[in-house]
Amino acid sequence: MAPSDRCSGGGKRFSHPLCRRATSSVLPPMMFYFSEKLQSLSSSLKKIGKSRPGRYLIALCFFSAALWARFALGDVLPSKGFPFLTFFPAVILSAYFVGLWPGVMVSLLSIFSAWYFFIEPSGSIAQTSFPDRIALGFFTIVLLVDCVIVHVTGKQIGRAHV
């Protein structure tokens, strides 16, 4: 079976470059569509954020949207257990689209925002309980690992499309 034969679905042939290079695994045809759209969005954001301040500005926009969403969902989400929920997408999107260090910046802003605004007692960092500090520690580790993994994966995807 030729590698390009693996890229057919529903009687259609897909001429994506990855199809021609496929050797051992089959990706669903929609993955190629979403991959191309993601690359297009990524290149558009990278054109806007070619300068360092532009990249950090885009990352701040992701963070601001996450913070706004968290405040907007304050009445919907349970008071305990969800202070970090909206920050994960902001960190992942920042790391993927504008780079590792803007993603780390969004991580740090997310940690301190969740700590200050959404962990009881709200508006105070000094009086945080021990279990909440443990949760913040895990949140910190997860966000930083997410940044590295997403950044490295994004670079690999970029290389695969070249």
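Rules and cut-offs
- Residues numbered from 1 in each chain as written.
- Predicted model: local features only at pLDDT ≥ 70, side-chain atom pairs only at ≥ 80, totals over all residues.
- Heavy atoms only, no water.
- Helix = DSSP H or I, 4+ residues; strand = E, 2+ residues; numbered from the N terminus.
- Contact = heavy atoms within 4.5 Å.
- Areas by Shrake-Rupley, 256 points an atom, 1.4 Å probe, with all protein chains shown as cover.
- Expected span 1.5 Å × (residues − 1).
- Buried < 20%, exposed > 50% of the residue type's maximum accessible area, 1.4 Å probe, protein only.
- pLDDT = per-residue confidence, 0-100.
- Phe/Tyr/Trp six-rings, centres within 6.5 Å; stacked < 30°, edge-to-face > 60°.
- Lys NZ or Arg CZ within 6 Å of the ring centre and 35° of its normal.
- Axes fitted to C-alpha atoms, helices over the stretch in contact; angles between N-to-C directions.
- Parallel < 35°, antiparallel > 145°, perpendicular 65-115°, else oblique.
- Left-handed = near helix turned anticlockwise from the far one by under 90°.
- Nonpolar A, V, L, I, M, F, W, Y, C, P; charged D, E, K, R; others polar.
- Core = buried A, V, L, I, M, F, W, Y, C linked by side-chain atoms within 4.5 Å.

Here the focus is the overall build of the protein chain. Each helix and strand counted, the protein chain has six helices and two strands in total. Of the contacts made within the protein chain by residues no fewer than 6 positions apart, 61% connect residues no fewer than 24 positions apart. With the model as given, the accessible surface of the protein chain reaches about 10000 Å², and the carbon-plus-sulfur share is 69%.

The subject of this paragraph is helix α4 (residues 87-98). The first and last C-alpha atoms of α4 sit 16 Å apart over twelve residues, in line with the 16 Å expected at 1.5 Å per residue. The set of residues buried in α4 consists of F87, A90, V91, S94, A95, Y96, F97 and V98.

For T140, the location among the structural elements is in helix α6 (residues 130-160). Look at T140 and you get partly exposed, because its relative accessible area is 23%. Each C-alpha atom of the pair T140 and F112 lies 10.0 Å from the other, and the pair is 28 residues apart in sequence.

Chain-level pLDDT for the protein chain is 78 on average; 73% of the residues reach the 70-or-more range. Ranking the elements of the protein chain by mean pLDDT puts strand β1 (residues 8-9) last with 46 and helix α5 (residues 100-118) first with 92. This stretch, residues 1-14, has a pLDDT under 50; its non-local contacts, to residues over four places away or in other chains, come to 20 contacts. Under a pLDDT of 50 for its full length, residues 18-24 has, in the predicted model, 15 contacts with residues more than four places off or in other chains.

To continue, consider the packing of aromatic side chains. Across all of its chains, the model carries eleven aromatic pairs by this definition. Pairing F87 with F118 gives two aromatic rings, centres 6.4 Å apart and planes at 50 degrees, and the pair type is tilted. In this pair, F87 is assigned in helix α4 and F118 in helix α5, connecting sequence segments 31 residues apart. The residues F87 and F118 share a single accessibility class, namely buried. Measuring from ring centre to ring centre gives 5.1 Å for Y116 and F117, while their planes differ by 85 degrees; the resulting arrangement is edge-to-face. Through successive ring pairs, a cluster of aromatic residues spans F63, F71, F87, Y116, F117 and F118. The aromatic ring of F118 is capped on one face by R70, whose charged end is 4.5 Å from the ring centroid.

Quick look at the packing of helix α3 (residues 52-72) against α5 now. At a closest axis distance of 9 Å, the pairing of α3 and α5 adopts a crossing angle of 25 degrees. Considering their axes alone, α3 and α5 lie roughly parallel with respect to each other. Classified by chirality, the crossing of α5 by α3 is right-handed. Residues R55, Y56, A59, L60, F63, L67, R70 and F71 of α3 form the contact with α5, whose participating residues are W101, P102, M105, V106, L109, S110, S113, F117 and F118. Counted by class, the contact of α3 with α5 contains 13 nonpolar, two polar and two charged residues.

Turning our eyes to something else, we now look at the nonpolar core. Counting residues in hydrophobic clusters, the biggest one holds 27 residues, and the most contacted among them are F62, F84, F87, F97, V106, L136 and F139. Those elements giving two or more residues to this core turn out to be α3, α4, α5 and α6. Contacts of V106, omitting those with residues within four sequence positions, involve A59, F63, A90, V91 and S94.

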